[in-house]
Amino acid sequence: MITPSNMGNYFEDFTVGQEIQHTLSKTIFESDNNLFCLLTMNAHPVHTNRDYAEKQVHGRVLVVGTLVFSLVVGFTVPDISGKAIANLDYEKIEHLGPSFVGDTLYARSVILECRESKSKPDRGIIYVETTGYNQDGKDVLRFRRHVLIKKRES
């Protein structure tokens, strides 16, 4: 028998200090990077021109940082924001290292704070730090956010 996806957790499921190893991951293909550049109108040649990129600091095509950010946020949805009412903010987004075509990305999160909503008793706010890392265990991205999450119905 197949068990349906949990798709997120309720506010009460989170505790300060809780560490979550997210199960979703993705290898970034050249087509992912190219399509993201087209969709976001990022025409910088370091992301799309191998000849140009090979003559730059990293010596190869860089994956667009906002693609890395988008993927890592997406990895967290089943665990963090699947039952969210809203992501209230993203802060302190740090690109810790480059990502390249062929890299596989993973993510882990730590719950920094949990607090009840001051205005609505049916929800709470979690403050979470998420780190994206590659197949070599090297951290490539870190960010924090506040997420407004439903409580269980009483």
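Our subject is the structure that appears above.
Let us look at the structure shown here. Here the structure is a predicted model, which means the values were calculated and not measured. (Residues numbered from 1 in each chain as written. Predicted model: local features only at pLDDT ≥ 70, side-chain atom pairs only at ≥ 80, totals over all residues. Heavy atoms only, no water.)

**Description of the overall build of the protein**
In plain terms, the rule: Runs of H or I in DSSP of at least four residues are treated as helices and runs of E of at least two as strands, each being numbered from the N terminus. Throughout, exposure labels follow a simple rule: accessible area from a 1.4 Å probe, protein chains only, divided by the maximum for the residue type, with under 20% read as buried, over 50% as exposed, and the rest as partly exposed. Residue contacts are defined here by distance: any two heavy atoms, one from each residue, within 4.5 Å place the two residues in contact. Working definition of accessibility: Shrake-Rupley area with a 1.4 Å probe, residue cover restricted to the visible protein chains. When charges are counted, neither His nor the chain ends are considered; positive counts come from Lys and Arg and negative counts from Asp and Glu. Here the site of a charge means atom NZ of a Lys, CZ of an Arg, CG of an Asp or CD of a Glu.
Within the protein, the secondary structure is distributed over four helices and six strands. Of the regular secondary structure in the protein, the N- to C-terminal order runs β-β-α-α-α-α-β-β-β-β. Across its three principal axes, the protein shows a C-alpha extent of roughly 60 × 40 × 30 Å. Out of the 154 residues belonging to the protein, those deemed buried represent 39%. Taking the intrachain contacts of the protein between residues at least 6 apart in sequence as the baseline, contacts between residues at least 24 apart amount to 72%. Accessible area for the protein stands at about 8900 Å²; split by element, carbon and sulfur atoms hold 52% of it. Where the 18 positive side-chain charges of the protein centre and where its 19 negative ones centre are 3 Å apart.

**Remarks on the environment of Glu30**
With respect to the secondary-structure elements, Glu30 resides in helix H1 (residues 30–40). Separated by 31 residues in sequence, Glu30 and Val61 place their C-alpha atoms 9.1 Å apart. With near-sequence residues (within four places) excluded, Glu30 lies in contact with Arg50 and Val101.

**Quick word on the pairing of strand E6 (residues 139–150)**
Quick note on the threshold: For two strands to count as paired, DSSP must find a minimum of two bridges between them.
When strand E3 (residues 84–95) meets E6, the two strands line up antiparallel, connected through eight bridges. Bridging from a neighbouring strand, Asn87 pairs with Val147 of E6. Where strand E5 (residues 123–134) folds back onto E6 in an antiparallel hairpin, the turn is made up of four residues, including Gly137, whose phi is positive at roughly 80°.

**Some words on a nonpolar patch on the surface**
Our working definition: Residues enter patches when they are more than 30% accessible in relative terms and free of salt bridges; like-charged ones are connected within 9 Å and nonpolar ones (Val, Leu, Ile, Met, Phe, Trp, Tyr) within 5 Å. Within this document, salt bridges are pairs made up of a side-chain nitrogen of Lys or Arg and a carboxyl oxygen of Asp or Glu, the two lying within 4 Å of each other.
Taken together, the side chains of Leu35, Leu38 and Leu39 present a nonpolar region at the surface, about 360 Å² in accessible area. Residue placement: Leu38 occurs in helix H1. Residue Leu38 is classed as exposed on the basis of its relative accessible area of 67%.

**Focus: H1**
Formally: What the arc describes is the spread of directions from the helix axis to the C-beta atoms.
Considered for burial, the residues of H1 that qualify are Asn33, Phe36 and Cys37. All buried residues of H1 project into a common sector of 100° when viewed along the axis, lining one side. Among the exposed residues of H1, those pointing more than 90 degrees away from its buried face are Leu38 and Leu39. Contact partners of the buried residues in H1: helix H2 (45–48) and helix H4 (65–81). Phi for Met41, located one or two positions after H1, is positive at around 60°.

**Notes on the packing of H1 against H4**
Using the following cut-off: Axes here refer to lines fitted to C-alpha atoms; in helices the fit is confined to the stretch in contact. Angles between the N-to-C directions go from 0 to 180 degrees. Here is the rule for angles: anything less than 35 degrees is roughly parallel, anything more than 145 is roughly antiparallel, 65 through 115 is roughly perpendicular, and the remaining ranges are oblique.
Closest axis-to-axis distance for the H1/H4 pair is 10 Å, and the angle between their directions is 105°. Viewed along their axes, H1 and H4 adopt a mutual orientation that is roughly perpendicular. Contact residues: Asp32, Asn33 and Phe36 in H1; Thr66, Leu67 and Ser70 in H4.

**A word on unusual backbone geometry**
Although it is not a glycine, Met41 adopts a positive phi angle of roughly 60°. Along the polypeptide, Met41 turns up in the loop between H1 and H2. Even without being a glycine, Lys92 presents a positive backbone phi close to 50°. Inspection of the secondary structure assignment puts Lys92 in strand E3.

**Here we look at the nonpolar core**
Using the following cut-off: We call a set of buried residues a nonpolar core when its members are Ala, Val, Leu, Ile, Met, Phe, Trp, Tyr or Cys and they connect through side-chain atoms within 4.5 Å of each other.
In this structure, Leu67, Val68, Leu105 and Leu141 are the most contacted members of the largest nonpolar core, which totals 17 residues. For this core, the secondary structure elements donating two or more residues are H1, H4, strand E4 (104–116) and E6. Looking at this core element by element, the count peaks at seven residues for H4. Not counting the four nearest positions on each side in its chain, Leu105 is found in contact with Ser25, Lys26, Ile28, Val68, Leu71, Phe75, Ser99, Tyr133, Asn134 and Val140. Among the nonpolar cores identified, the runner-up in size contains nine residues, and Phe11, Ile80, Ile111 and Ile126 belong to it.

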